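Breakdown of the fold
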Amino acid sequence: MEQTNTETSVANDKRPIVVIDKVVRSYKVKKQTIPAINGISLSINEGEFVVLNGSSGSGKSTLLQLIGGLDKPDSGNITIDGVDIKKLSDHKLSLFRGKTIGFVFQFFYLQPFLRLGRNIEVPGMFTRLKRKERKLRVKQLAEIVGLSDRLNHFPAELSGGQIQRAAIVRALLNQPKILLADEPTGNLDSTNSAAIIDLFEQIRQQFGTTIIVATHDPNIAARADRIITLKDGAII
Amino acid sequence: MIRLSDAIVIAATKLRTHRIRTTITIILSSLLFAALIAAIIITTGVTKSVAVFNNQGLNNRYLVWAQADNPLFGGVLSTKEFITLAQQKGKDLIIAKQAEAKKLGIDYNAGNEPSATLTESMSGQNSVHVNFQSYAAIEAMQEYVKQHPSPDLNELKQAAANYHPIGFYSSIMAGLSNGNMSIMSNGSENFTPTDDQRVSLLFPGQTSLMVDDSHLTQPFILPGTTTNGSNIPLIVSYSTAEGLLGLPKLPSNASTKDHYDRIQQVYRQTTNNAVTVTTCYRNSVSQQQIDQAISQADEIARNKSNKDYQKPSLIYGLPAANSCNKATIISDKRTAAEKKTQAAQDQFDATFGQVVVPVQQKLTFQVVGLSPSTSNSNTTFSDLLSSIVGSSLTDGSDVIPADLLDKMSTATSVKSTLLADNSNPLAVANPNYYVEFSNANDARRFITDKSCTTRMEGTCASPGRLFQLTASGNNSIALQDLQQKIASVLGLATIGVVVLAVIIMTSMIGRTVADGRRETAVFRALGAKRSDIVAIYAVYTLCLIILIAIISLAVGLGAAYGLDAYYGQDATLQAKLLFDAVNTNLTFRFFSINIALLGVVVVIIVISGLFSMVIPTLRNIRRNPIQDMREE
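First, a word on scope: everything that follows refers to the structure included in this document.

What counts, and at which threshold
Residues numbered from 1 in each chain as written. Chains lettered and ligands numbered in written order. Predicted model: local features only at pLDDT ≥ 70, side-chain atom pairs only at ≥ 80, totals over all residues. Helix = DSSP H or I, 4+ residues; strand = E, 2+ residues; numbered from the N terminus. Buried ≥ 20, exposed ≤ 12 C-beta atoms within 10 Å, placed from the backbone. Contact = placed C-beta atoms within 7 Å. Expected span 1.5 Å × (residues − 1). Core = buried A, V, L, I, M, F, W, Y, C linked by C-beta atoms within 7 Å. Domains from an automatic or database assignment. Axes fitted to C-alpha atoms, helices over the stretch in contact; angles between N-to-C directions. Parallel < 35°, antiparallel > 145°, perpendicular 65-115°, else oblique. Left-handed = near helix turned anticlockwise from the far one by under 90°. Nonpolar A, V, L, I, M, F, W, Y, C, P; charged D, E, K, R; others polar. Pairing = 2+ DSSP bridges.

**Topic: the overall build of chain A**
Secondary structure summary: chain A contains seven helices and eleven strands in total. By the burial criterion, 49% of the 236 residues in chain A qualify as buried. Taking contacts inside chain A between residues at least 6 apart in sequence as the whole, the part at least 24 apart equals 75%.

Below you can see the structure in the form of structure tokens.
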């Protein structure tokens, strides 16, 4: 087992849900090729809480996007929940992503002119989840994160922590097996950050969701099952 | 793909994001399409109104006026052949006159006989011309015309045979070949008319007097008018009738309503009362004797106290002013020999084409029809409009309906005065005919194919094309062309509006889509397929289009309705004047909705809007969402 570029799951009693095998991804900036991910192999088990750590430009966001199927590797394979996503067409990959993966962003990216309830419903619109079912899930999830009384508000009327909680709830609407979060507490104060970390933990406990977070936040890292540190596109 | 209701929810948020940009786009595009819609509604209204008014007068008919060349035009009179003929006629005339003078026992000096030709020296070169004062030249012209007659109706029928004509009508120019007419105001003749009054054929402003086929005159005949059998029926313009009724001219700044009221007044008064005008016709001898009576009376009065003054042997007197009789003879002290010599001289002159007998006749014209006045000036918009869309039978002439003229008890004597052959072939009006077609295309083709090209001197340049052909009576052909032009201009305007609107909408939607790249990336991360993104932007564009369509329709309909409300009444009055529809309840509308055409515009708005969306959206969905997120 290669110690630098390869990580294996520590939770051996569960099946691997993310398997990354010798993945390489580089970007062309002007005429220069910049390697972002440099031959990483990685396995993450179902229900695991993994933190991707590393300095800015280390490749953690790129790795997150590759796992989420938003980007494709130059070489190597990525298997998510037993599906080699490299082989999926754009259409099938979108369907797969919508049902299997939930995304949480640093800047939340809620629709400013949609009320919170509708904002949370958005992923369900793309998977053609029935309206009634969407409403029910929104209600249940909002209750879990304490936003029941905020569903008719616009994002501008909420605090940063409330918005991020709403964004996490939005990511969970389609009941994904994997939750990917890119610097979820990067824009929050310590109180709200702590609440978000608690929420991740609660989600994992309640739904068995695999959580992969790219972050600098040591508080999140402290709660993770595993910390994978990246440097120059490689696991160290 | 995303449900329509969900796409609408997301698309609606986009309409709220860039409000100023969206509002400007909606306003600009709406105004463009509104202008197009208004133009369509107004054009439809005007076209329908014109079609309704077009059934008045000659407007709905396709008439072509055909005039044959005078065979003496086109340099014939300068040819060596004709000069030789005229000179020969001059020699023959002198011989004939010498023989006749000898027979009648009167003096004849051949040296005083005007030569048939004149020689003129120009730039050292002699050129020979016909002397129009010479009776020999007139004889030569008569002979030439006899040998080269003008093309007649049969030849016109032959020329028009392939163009599906539906009628051929004659129009004869009436003329006073020898003499003049003057109006007997209040029943009295003015024996000293001004030159203007004397040369005028009938009424001031009139250019000619025509006798036209009833197929041409019928639309202008007033309802219920009858003549007493001796009055000459006449169709005059409203302005002439206005003068005959003694109505003062309207001021130049009179409103359309004033004009309309005046026209109605003229129509009413002319229809209800027999409007007549009595004239006195005198031939040149009759007029000469009247003039002589006046000058003799003047001379005698001036020499009243002159004992040496010897009165003329034959003194003429004026007839009763209301009689239109020939001059009376107050005293005739001529000797028997003098009378005999004068009788022989009269016989001699009559033999060689001179009029020697006084002819006069009281002619009473009765207005039986009215035709819209035509304007030659085109100085005002109304004049211009009148010349474009109006129909007029008279075209500056007064017209005698041929059928009514034939019904007159005095038809023969009136015709002998008004339609007398002119002895001078140069003064003979060319034959006039009208050919009627059932549609503008046949009429236009006939004119294009068969009309001669007019030379500088007014003759046909193309051999085989015997007539000068002109659309006449109205501008139906030109109107149809105008309508086609308007349709093509509207078509071009539509293209222009669409292109402009597409540019505006494309740039606006392009910007919105470009601004939404991050949002697209987020949607993609949340599971949106490319087709979902396209659906969202398509619905967004449709919302925009529906707004544009609603505002365009509202503004366009409102503008057209406003124009109709504001100018409709005035236009109706104007149209009634132009189209000779004074006695109708027709209305001229600027507002008429053509559902099919408006539907086409709405479809154009939808298609152009969707077209605006295609390129920016395709560009957007082909982008890598990660790149957009990273750039963000």
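Structure shown, so let's carry the discussion forward.
**Description of helix α10 (residues 284-302) of chain B**
Residue and element names in this part refer to chain B. A rise of 1.5 Å per residue sets the reference length of α10, with its 19 residues, at 27 Å; its end C-alpha atoms lie 26 Å apart and thus fit the reference within 8%. Along α10, the positions that sit buried rather than exposed are Val285, Ser286, Gln287, Gln289, Ile290 and Ala293. Looking at the buried positions of α10, the neighbouring elements they touch are β5 (180-183), β8 (276-282), β9 (314-317) and β11 (360-371).

**Some words on unusual backbone geometry**
Phi is positive for Glu183(A), which is not a glycine, with a value near 45°. Taking the number of C-beta atoms within 10 Å as the measure of exposure, Glu183(A) has 20 and is therefore buried. Here Asn186(B), not a glycine, exhibits a phi torsion of approximately 55°, which is positive. Position of Asn186(B) relative to the elements: it lies in the loop between β5 and α6 (195-199).

**Some details on the nonpolar core**
Leu52(A), Val169(A), Ile212(A), Phe33(B) and Ile536(B) are the most contacted members of the largest nonpolar core, which totals 150 residues. The greatest single-element share of this core, amounting to 16 residues, is contributed by helix α18 (residues 530-578) of chain B. A domain split of this core shows at least three residues from each of domain 1 (4-57 + 478-631) and domain 4 (176-282 + 362-421) of chain B. The residues touching Val169(A), leaving out its near neighbours within four places in the chain, are Ile120(A), Leu141(A), Ala142(A), Val145(A) and Leu147(A).

**Side note on the environment of Ser115(B)**
All names here are of chain B. Structurally, Ser115 can be placed in the loop between α3 (80-104) and β2 (117-122). Given 15 C-beta atoms within a 10 Å radius, Ser115 is considered partly exposed. Distance from Ser115 to Tyr135, taken between C-alpha atoms, is 8.9 Å for residues 20 residues apart in sequence. Residues contacting Ser115, with those up to four places away along its chain left out, are Gly90, Asn131 and Ser134.

**Let's talk about the packing of helix α4 (residues 131-145) of chain A against helix α5 (residues 160-172) of chain A**
Residues and elements named next belong to chain A. Packing of α4 against α5 leaves a shortest axis separation of 10 Å and a crossing angle of 140°. In terms of their interaxial angle, α4 and α5 are classed as oblique. In this structure, α4 meets α5 at a crossing whose hand is right-handed. Along the contact surface, α4 presents Leu141, Ala142 and Val145, while α5 presents Arg165, Ile168, Val169 and Leu172. Within the contact of α4 with α5, the residues separate by chemical class into six nonpolar, no polar and one charged.

**With respect to the packing of α3(B) against helix α11 (residues 336-351) of chain B**
Residues and elements named next belong to chain B. For the pair α3 and α11, the least separation of the axes is 10 Å and the interaxial angle reads 155°. It follows from the interaxial angle that α3 and α11 lie roughly antiparallel. Crossing angle aside, the handedness with which α3 passes α11 is right-handed. Between α3, through Glu100, Ala101 and Leu104, and α11, the contact on the second element is made entirely by Ala344, Gln347, Phe348 and Thr351. Residues of the contact of α3 with α11, tallied by class, amount to four nonpolar, two polar and one charged.

**Considerations on the interface of chain A and chain B**
On the side of chain B, 18 residues touch chain A, which itself brings 22 residues to the contact. Listed by contribution, the elements that provide at least two residues to the side of chain A that touches chain B are α2 (90-100) and α3 (116-126) of chain A.

**A closer look at the sheet that holds strand β4 (residues 49-54) of chain A**
Residue and element names in this part refer to chain A. If you trace the six strands from one edge of the open sheet to the other, you get β7-β8-β9-β4-β10-β11, paired in mixed fashion. Edge positions in the open sheet fall to β7 (101-104) and β11 (234-235), since each of these has one partner strand only. Relative to β11, strand β10 (residues 226-231) runs antiparallel, the two being bridged by two bridges. Bridge pairing in β11 links Leu230 to Ile235. Most of the contacts of helix α1 (residues 60-67) go to strand β9 (residues 210-214), to which it runs at about 150°, and overall it touches β4, β8 (178-182), β9 and β10. Seen against the sheet, α5 touches β7 and β8 and runs at an angle of roughly 165° to β7.

**What to know about the pairing of β8(B)**
Residue and element names in this part refer to chain B. Within β8, five of the seven residues are buried, leaving the element largely enclosed by the surrounding structure. Where β5 lies against β8, four bridges are found, and the strand directions are antiparallel. What sits directly across from Ile183, in β8, is Thr279. Pairing analysis gives seven bridges linking β8 to β11, with the strands arranged antiparallel.

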